[in-house]
Amino acid sequence: MLSAQIRETFLNFFASKDHKIVPSAPIVVKDDPTLMFTNAGMNQFKDYFLGNRTAEYPRIADTQKCLRVSGKHNDLEEVGLDTYHHTMFEMLGNWSFGDYFKEEAISWAWELLTEVYKMDKSRLYVTYFEGDVAENLEADEETRQIWSRFVSADRILKGNKKDNFWEMGATGPCGPCTEIHVDIRDDAERALVDGKTLVNASHPHVIEIWNNVFIQFNRSANGSLSVLPAKHVDTGMGFERLCMVLQGKKSNYDTDVFTPLIATVEAISGIQYQYSDSKQDVAMRVIADHIRAVTFTIADGQLPSNTGAGYVIRRILRRAVRYGYSYLDLKEPFFHKLVVVVAKQFEHVFTNVLSQLDLVEKVIREEEATFLNTLGGGLKKFAAISNISGKEIGGREAFELYDTFGFPIDLTRLLAAEQGLTIDEAGFETELKKQKERSKKDAAVNQEDWVQLVEDEEEEFVGYDFTEANVHLVRYRKVVAKEKEQYQLVFNYTPFYAEGGGQVGDTGYLIADDEKVRITDTKKENNLIIHYSDELPKNLNGSFKAVVDNTKRIYTERNHTATHLLHEALRSVLGTHVQQKGSLVNEDYLRFDFSHFAKVSDEELVRIESIVNENILHNFPLDERRHVPMNEAKNMGAMALFGEKYGDVVRVIRFGNSVELCGGTHVKATGNIGLFKIVSESAVAAGIRRIEAVTGMGALSHINGKLEQLEKISVLSRNTRDIVKGIEALVTENNDLRKELERLQNQQAGQLKETLKGQVQSINGIHFLAVTVPLNAAEAIKNLAFNLRQEVENLFLVLGAEMDGKAHLTVMLDDQLVKDMGLNASNIVRELAREIEGGGGGQPFYATAGGKKPQGLAKAMAKAQEMVASMQQA
Ligand code: SER
């Protein structure tokens, strides 16, 4: 079976068991502070397990793009060295939200593997949870019993908390699990060593393929487990491993999921893959793995950067580039050439790669090129450091590699490991911390557990229709961020819009008879709307009037609606390749980032701006539709942004021809925007441009500001009726004056020359002159010196001048003096320049110097005189 059929078979099987098949969530997680990337199929359903939201379908199945490179689940270091761990992988999963439980989950898993995929039963092992005294958890007897109907007792193994109690992260839903392992060793090997002794023992050919988790608990920040309102099933099967087993291969990289990528790396490098553990093969596997991670995350909206999720992508990318550089001799950007292979492979599964091919390639190419600039130097530096370091690379050195050469710490760790060295990780962290403290960016956030005041109440957002509501508190918690205490409040109703879709969160007040609590911001976390406040309301159980700051909201809405109109205008002027890549909308302005490969010309900007203003004047009313199914929304022409998540409230916002999926708040009709004015256009990253604009009163004050400036210019131009004419006249006058000044200075220099000739002293055959002249143009002084040299024989000339508060010295010598007496103008000018606290140089016959002490000029002249006098004695 080809991988595509294997995937389809899984989904069809669960569809036949009444599961709703849903799309993968984006690999990048936007609104869960405990996660940067989707690391398991269940992430997008976290709220269903916790009981914060009710599932629309109680049974769901899908294939989910996952990335395990940070946090609790991190496989990065294994990738490439073995043949079955990946950064990005697909997880096939089926879920029950309070519906079926262990009985169905286990028997369906068995049915699919053995009857549909026809796996050899004698090669399968299963595990169950043995219990844990410290956590007060009992052994999962029920699971063992269900398995005993299908599998003989000697292949049902018990496992400890590490292997058989699955947790999403430090906090969140969790529960006991049962894993299915498969033994794909050759028969001869199987006869020698019993497969069951190799389960969970990191053997490359006795591996876990499917995990069935029975979610029943929530792990809190204080470490305790609490029982969830309902019992759920969460399963995850590693798709690439499943393909390996079903295609009879010994390595995931030998399945058709990876062979096209490996073949492309072979073609690019001219090196053949050997199916071995050689450095070259490891490099090829790493590259084939990493390109998938980098491609999918960029396509899902996360660009490489220096912090957070963006930095994780940059690290993975740099790791791949270094493997290519060191082991496949790829010294030029190559990684981006693999994107098209990934895009074609997933054309029908994850469609947003092919549709953004140009952008993803461009971003990766640029990243590669940047890193290649410092990679060679960094590797040399590393070699030098490792030679003098003994067994351990110092923290300072690791930090230097990081800071100066862009080596992420895991890359340095990898380089060190290859040489059998370690890194002083603590030392590195200290350096990093020092740097962070310096930039005061990353402040620690300490979050306490929620305090629940009212049970089982769902929060409802009413802010599309109201900016005030009567509310009470449902839960709150204390957070300490940047050494400041804050409270996060959740209400039963809220008119406050939570930051999202680029729009800032609302601010406002919580008002009761005897108090008024300021809400400083509103954010979303796993679908809870969280209100930030510096104080906790006194009466936690009282009722309040929640009032949104209306002016800020209205100003923000103008900018938000204008963003939609801008998006549409960009597509109509620049082309439909324009896709939104990010936005910020607040009360002051809007910022819109989009894919486009050239600077937007002034003329295009004018057209874009007028289209938006025409649509404002047209006064299109807001056409808002809530709860629209995704397909219907797409049929309406709405553009999905970062691949919407299954089950999200899809809301369609239409103003005339502009149709967008959007959760933000908007004006009632475009006329409310008043006026739209673009204030800047710039580049953000490869292939991504940014437009900033203002609307309404902001646009008015922007234009008024410009008019005021113009008014001032007009006064200065001395022709208030026609400013351009006035300025043209000023420019012409300025040019004429400059010419006149030059003419006068030359004339003055000519007269000066005559005067100076009369002051030349004859000291023992040398014609000496040292004098400070009233010229303030270097060019004029130079001309004067050269003219004197032509007219006076055997000249030793020193000219001083004061120009713009600084001292200037020129020394000019006759060739005769240079040749016969060995004098050197450069040396002389340097010696004299001490008096003006400066320095200079030039040629043996002509040199100049500058200095900051004009008062020293007289002394310099006197010194020159002494020099010549002493020469005479010698
Ligand atoms: N959440 C479990 C895992 O990731 C099963 O899907 O292994």
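Below, the structure is looked at part by part. Because the structure is a prediction, the values reported are computed rather than measured.

Cut-offs used in this document
- Residues numbered from 1 in each chain as written.
- Predicted model: local features only at pLDDT ≥ 70, side-chain atom pairs only at ≥ 80, totals over all residues.
- Heavy atoms only, no water.
- Near = heavy atom within 4 Å.
- Polar contact = N/O pair within 3.5 Å; in protein donor to acceptor, adjacent residues only side chain to side chain.
- Areas by Shrake-Rupley, 256 points an atom, 1.4 Å probe, with all protein chains shown as cover.
- Helix = DSSP H or I, 4+ residues; strand = E, 2+ residues; numbered from the N terminus.
- Nonpolar A, V, L, I, M, F, W, Y, C, P; charged D, E, K, R; others polar.
- Salt bridge = Lys/Arg side-chain N within 4 Å of Asp/Glu carboxyl O.
- Buried < 20%, exposed > 50% of the residue type's maximum accessible area, 1.4 Å probe, protein only.
- Contact = heavy atoms within 4.5 Å.
- Pairing = 2+ DSSP bridges.
- Axes fitted to C-alpha atoms, helices over the stretch in contact; angles between N-to-C directions.
- Parallel < 35°, antiparallel > 145°, perpendicular 65-115°, else oblique.
- Left-handed = near helix turned anticlockwise from the far one by under 90°.

With respect to the site of the ligand
Lining the immediate environment of the ligand, one finds A40, M42, R68, M91, W166, N211, V213, D234, T235 and G236. Measuring from an oxygen atom of the ligand, one finds a side-chain N or O atom of W166 at 3.3 Å. D234 has a polar side-chain atom sitting 2.7 Å from a nitrogen atom of the ligand. Surface burial for the ligand is 96%, taken as the share of its 230 Å² of free accessible area covered by protein chains. Listed by contribution, the elements that provide at least two residues to the shell around the ligand are β10 (206–219) and β11 (225–238). Here the shell around the ligand is built from residues that sort into five nonpolar, three polar and two charged.

Looking at the pattern of salt bridges
Per the stated rule, a full pass over the model turns up 57 salt bridges. Note that E77 and R413 form a salt bridge whose closest N and O atoms lie 3.6 Å from each other. Remark: R413 occurs in helix α14 (residues 409–418) and E77 occurs in the loop between β4 (73–74) and β5 (88–97); sequence separation between them is 336 residues. The closest approach of N and O atoms between D593 and R690, which form a salt bridge, is 2.7 Å.

Points about the side chain of R59
By secondary structure assignment, the location of R59 is in strand β2 (residues 59–67). R59 gets classed as buried once you look at its relative accessible area, which sits at 19%. Separated by 2.4 Å, the side chains of R59 and D99 make a polar contact. If sequence neighbours within four positions are ignored, R59 has contacts with K17, D18, H19, K20, W95, D99, Y100 and W108.

Examining unusual backbone geometry
The phi dihedral of K118 falls on the positive side, at around 55 degrees, and the residue is not glycine. Relative to the assigned elements, K118 resides in the loop between α3 (102–116) and β6 (124–129). Assessed through its relative accessible area of 63%, K118 is described here as exposed. In this structure, N764 is a non-glycine residue whose phi angle is positive, near 50 degrees.

Comments concerning the sheet that holds strand β27 (residues 623–625)
The strands making up a sheet are joined through hydrogen bonds of the backbone, oriented either antiparallel or parallel. With antiparallel pairing, three strands are arranged side by side in an open sheet as β27-β28-β29. The strands lining the two open edges of the sheet, one partner per strand, are β27 and β29 (658–661). Across this sheet, the average inter-strand angle for adjacent strands is 15 degrees, counted without regard to direction. For strand β28 (residues 652–655) and β29, the ladder comprises four bridges, and the chain directions are antiparallel. Across the sheet, V652 pairs through a bridge with L661, a residue of β29.

Comments concerning the sheet that holds strand β34 (residues 795–803)
What the six strands build is an open sheet, ordered β32-β33-β34-β35-β37-β36; its pairing is mixed. Pairing within the sheet leaves two strands with one partner each, and these edge strands are β32 (761–763) and β36 (838–842). Across the sheet, the mean angle separating the axes of adjacent strands is 20 degrees when strand polarity is ignored. Two elements, β34 and strand β35 (residues 806–813), share eight bridges in a ladder whose sense is antiparallel. Paired with V798 across the bridge in β35 is V811. Strands in contact with helix α21 (residues 778–791) are β34, β35 and β37 (846–851); relative to β34, the strand with the most contacts, it is inclined by about 165 degrees.

A few points about the packing of helix α12 (residues 357–388) against α14
At a minimum axis separation of 12 Å, α12 and α14 run at an interaxial angle of 40 degrees. By the angle class used here, α12 and α14 are oblique. Crossing handedness for the pair α12 and α14: right-handed. Between α12, through F371, L379 and F382, and α14, the contact on the second element is made entirely by L411, T412, L415 and A416. For the contact of α12 with α14, a count of residues per class yields six nonpolar, one polar and no charged.

Geometry only, nothing functional implied.
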